[in-house]
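Analysis of the macromolecular model
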Amino acid sequence: MKSLEWLSRPHLRQPTAILAFTGWGDAGESSTDAARHLVASYQAETVARFESDPYFDFQVNRPIVALDEAGVRSIAWPTTELLVVRLDDLDLVVVLGEEPNYRWKKFVTELGDALTELGVKTAVTIGAFVGQVAHTLPVPIVGSSTSGRVVTQHGLLPSRYEGPTGIVGVLNQALEARGIETVSLWAAVPHYLSNQAYPPGVEALLRKSADVIGVNFDTSELERQSSEFRATVDAAVDESDELADYVRQLETDAMDSEDPAEDLVQEIEQYLRDT
């Protein structure tokens with residue numbers, strides 16, 4: 001029995017998917033905030049959503065109660081939605097949700113069926129990991145793809161990771177098996193800032209995603225948020241000699257590294273094993 005409910009089945013132009021999930025692999029909520037930014041900025045249309053019951057442990061992913069302006073109470077259940085963003089030259093299918101607790105094989109099969117039905121040929125999965133990086137430096141992006149053309153064109157790295165994975169890793173393999181060209185992008189979030197939203201990570205993921213897809217996203221609001229965030233963090237760092245010394249050490253380590261990309265790959269691999 002299908003657990004995906006279709007609200008509409010639109011005709012899409014050159015559809016490409018961007019997928020992000022909360023929880024494991026979403027440090028600083030950078031990946032899901034990137035997807036939410038697209039949904040909010042371009043007035044996305046929800047075309048399908050998954051039922052919650054088959055996939056979630058509600059004692060782990062609890063429903064959220066909210067009140068509207070009139071005091072009417074509503075409950076939002078954890079789920080995954082497929083939304084369509086209309087751009088000038090193509091349409092994006094934004095998949096946004098929470099990592100399921102149960103039935104991953106069924107979930108990725110149904111999601112893959114839906115993307116195939118919508119005509120998706122390329123998918124970009126995005127995530128974020130906790131890294132030994134400084135907030136004062138550009139946000140590092142680690143990317144991989146099974147497509148040699150994409151790897152070469154965008155300077156990505158072939159994945160050599162072996163170990164535990166999350167729903168994004170499972171989806172990458174499942175979509176590739178369907179013939180959907182899949183790219184995986186991960187932003188490094190400073191570990192001393194990973195317990196809060198991290199706007200620079202959101203901006204970096206959207207910029208790199210746009211580069212891979214070949215479109216332009218309006219990131220002006222994110223640039224403003226990133227600038228304000230860094231200024232706030234800088235002020236806090238200035239008040240702590242210990243933290244200031246630590247950030248300077250991270251900057252020095254980054255400059256002294258013989259192969260920064262390889263170092264980041266090793267960091268994300270360790271993060272995935274430990275998380």
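See the structure printed just above.
Throughout, residues of each chain are indexed from 1 in the direction in which the sequence is written. Totals for whole chains, interfaces and linings use every residue, but because this is a predicted model, local features are given only for residues with pLDDT of at least 70 and side-chain atom pairs only at 80 or more, for both listing and counting. Side-chain descriptors were evaluated using all non-hydrogen atoms of the structure, hydrogens and water having been removed beforehand.

1. Focus: the side chain of histidine 154
Here is the rule: Helix and strand labels come from DSSP, where a helix needs a run of H or I of at least four residues and a strand needs a run of E of at least two; each type is numbered from the N terminus. A simple rule labels every residue: compare its accessible area, found with a 1.4 Å probe on the protein chains alone, to the largest value its type can have, and call it buried under 20%, exposed over 50%, or partly exposed in between. In protein, a polar contact means a hydrogen-donor-capable atom and an acceptor-capable atom, both N or O and within 3.5 Å, with residues adjacent in sequence counting only if both atoms are side-chain atoms; elsewhere, any N or O pair within 3.5 Å suffices.
In this structure, histidine 154 sits in helix H3 (residues 148-154). A relative accessible area of 10% places histidine 154 in the buried class. Here aspartate 211 takes part through its side chain, which lies 3.2 Å from a polar atom of the side chain of histidine 154.

2. Topic: helix H6 (residues 220-238)
Put simply, the rule is: One less than the number of residues in a helix, times 1.5 Å, gives the span that helix is expected to have. Throughout, the arc means the angular range of directions from the helix axis out to the C-beta atoms.
Given a rise of 1.5 Å per residue, 19 residues ought to cover 27 Å, and the 27 Å separating the end C-alpha atoms of H6 matches this to within 8%. Residues Leu222, Ser226, Phe229, Val233 and Val237 constitute the buried set of H6. Down the axis of H6, the sector holding all buried residues measures 75°, keeping them to one side. Exposed positions of H6 whose direction lies more than 90 degrees from the buried face are Thr232 and Asp238.

3. With respect to the environment of alanine 66
Where we set the bar: Contacts are assigned to residue pairs that have any heavy atoms within 4.5 Å of one another.
Topologically, alanine 66 is positioned in strand E4 (residues 64-67). Judged by its relative accessible area of 37%, alanine 66 is partly exposed. Between the C-alpha atoms of alanine 66 and alanine 76, which are ten residues apart in sequence, the distance is 7.8 Å. Leaving out residues up to four positions away in the same chain, alanine 66 has contacts with Val72, Arg73 and Ser74.

4. Considerations on the pattern of salt bridges
Opposite charge on two side chains makes pairing possible when the charged atoms of those side chains draw close. Condition: Salt bridge, as applied in this entry: a Lys or Arg side-chain nitrogen positioned within 4 Å of an Asp or Glu carboxyl oxygen.
This structure, assessed with the given rule, holds 14 salt bridges. Its salt-bridge partner being glutamate 81, residue arginine 49 comes within 3.2 Å of it at the nearest N-O pair. Taken together, the residues span a long stretch of sequence, with arginine 49 in strand E3 (residues 45-50) and glutamate 81 in strand E6 (residues 80-86) at a distance of 32 residues. Judged by its relative accessible area of 22%, glutamate 81 is partly exposed. Here the salt bridges do not stand alone but share partners, grouping Lys2, Asp113 and Arg178 into one network.

5. Comments concerning the pairing of strand E8 (residues 122-131)
Operational definition: Pairing between two strands requires that DSSP report at least two bridges joining them.
Judged by how many residues are buried, E8 sits mostly within the fold: eight of ten residues are covered. As judged from the four bridges shared by strand E2 (residues 16-22) and E8, these two strands associate in the parallel manner. Opposite alanine 17, over in E8, you have alanine 123 as the bridge partner. As paired strands, E8 and strand E10 (residues 181-190) are joined by ten bridges and run parallel to one another.

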